[in-house]
Amino acid sequence: MKTPTPHPKPPLAAAAFDSETLLRESGLRVTRAAQTVLELLRHTSQPLTHEEVAAAYTTATGEAPDRVTIYRVLDRLVEAGLCDRRVGADRVNRFARHVEAASGNIFECDQCHKVLALPSDPELPKVMGRLGRALRKQGIDTRHTALTLHGTCGDCAR
């Protein structure tokens, strides 16, 4: 009797993102909505509003999602650190996959709301330390510091 041959493994690039595993490892329930939203955020180049996530969900699945479900999924993804919530200058929440910046610092375009990791700068920790000390003198205890620069990205400047 011939033993069945195992299925070939997917190419490394395809295996690099597994929404089910990411959700499980983050302690979240694996639901169709959570997987779909996570995949949508992975494939977008700029942060999406709740309405844009819902519209993309409809396009991807052919079914309109429950708006409350989308809000809950986005909240859970943010709490788990799988996506970031940013409030733009227009005071609208936008969601994007979590950006890992070695420096912890990011740039956000005020027009398209694209988020990019800033390169590390050897002087920045010194500057942030001075700011932290100045704040402590005012009675403010900083536990975490991160820099967000706002401006216009190259695509929007054209």
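Along every chain, residues carry numbers that run from 1 in the direction the sequence is written. Selection of residues for local features in this predicted model requires a pLDDT of at least 70, selection of side-chain atom pairs for listing and counting requires 80 or more, and totals for whole chains, interfaces and linings are taken over all residues. Side-chain figures throughout are based on the complete set of non-hydrogen atoms in the structure, without hydrogens or water.

A word on the sheet that holds strand 3 (residues 106-109)
Rules: What makes two strands pair is DSSP finding at least two bridges between them. Starting at the N terminus, helices and strands are each numbered in turn, a helix being any DSSP run of H or I of at least four residues and a strand any DSSP run of E of at least two. Fitted lines through C-alpha atoms give the axes, limited to the stretch in contact for helices. The angle between two N-to-C directions lies from 0 to 180 degrees.
Reading across the sheet, the three strands line up as 4-3-5 and stay open at both edges, with mixed pairing between neighbours. Two strands bound the open sheet, and with one partner strand each, they are strand 4 (115-117) and strand 5 (148-151). For this sheet, the mean angle separating the axes of adjacent strands, direction not counted, is 25 degrees. Here three bridges tie strand 3 to strand 4, and the two strands are oriented antiparallel to one another. Residue pairing in the sheet places F107 in a bridge with L116 of strand 4.

Comments concerning a positive patch on the surface
Operational definition: Like-charged residues within 9 Å of one another, or nonpolar side chains (Val, Leu, Ile, Met, Phe, Trp, Tyr) within 5 Å, are grouped into patches, provided each residue has over 30% relative accessible area and no salt bridge. Exposure was quantified through the Shrake-Rupley algorithm and a 1.4 Å probe, taking into account, for residues, occlusion by the shown protein chains and nothing else. We count a salt bridge whenever a side-chain nitrogen from Lys or Arg sits within 4 Å of a carboxyl oxygen from Asp or Glu. Counted charges follow a simple rule, with Lys and Arg positive, Asp and Glu negative, and His plus the chain ends left uncounted. To locate a charge, take NZ of a lysine, CZ of an arginine, CG of an aspartate or CD of a glutamate. The buried label applies to any residue whose accessible area, calculated with a 1.4 Å probe on protein chains only, is under 20% of its type's maximum; exposed applies above 50%, and partly exposed to all values in between.
A surface patch of positive charge is lined by R130, R133, R136 and K137. Relative to the assigned elements, R136 resides in helix 6 (residues 124-137). Given a relative accessible area of 44%, R136 falls into the partly exposed group.

Quick word on the nonpolar core
To keep things clear, this is the line we draw: Nonpolar core, defined: a set of buried Ala, Val, Leu, Ile, Met, Phe, Trp, Tyr and Cys residues in which side-chain atoms within 4.5 Å join the residues together.
Of all hydrophobic cores here, the largest spans 18 residues; its most connected members are L23, V37, L41, V53, L74 and L77. Among the elements of the structure, helix 3 (32-43), helix 4 (50-61) and helix 5 (67-79) are those that each provide at least two residues to this core. With six residues, the single largest contributor to this core is helix 3. Listed in part, the five residues of the second largest apolar core include F107, C109, C112 and C153.

Focus: the pattern of salt bridges
Taken as a whole and assessed by the stated rule, the structure comprises seven salt bridges. The partner of R24 in a salt bridge is E20, with the nearest N and O atoms 2.8 Å apart. One end of the pair, R24, and the other, E20, are both in helix 2 (residues 19-25), four residues apart, so they sit about a helical turn from each other. R24 sits in the exposed class, given a relative accessible area of 53%. Measuring nitrogen to oxygen at the nearest pair gives 3.7 Å for the salt bridge that ties D84 to R86. Residue D84 is classed as buried on the basis of its relative accessible area, which comes to 15%.

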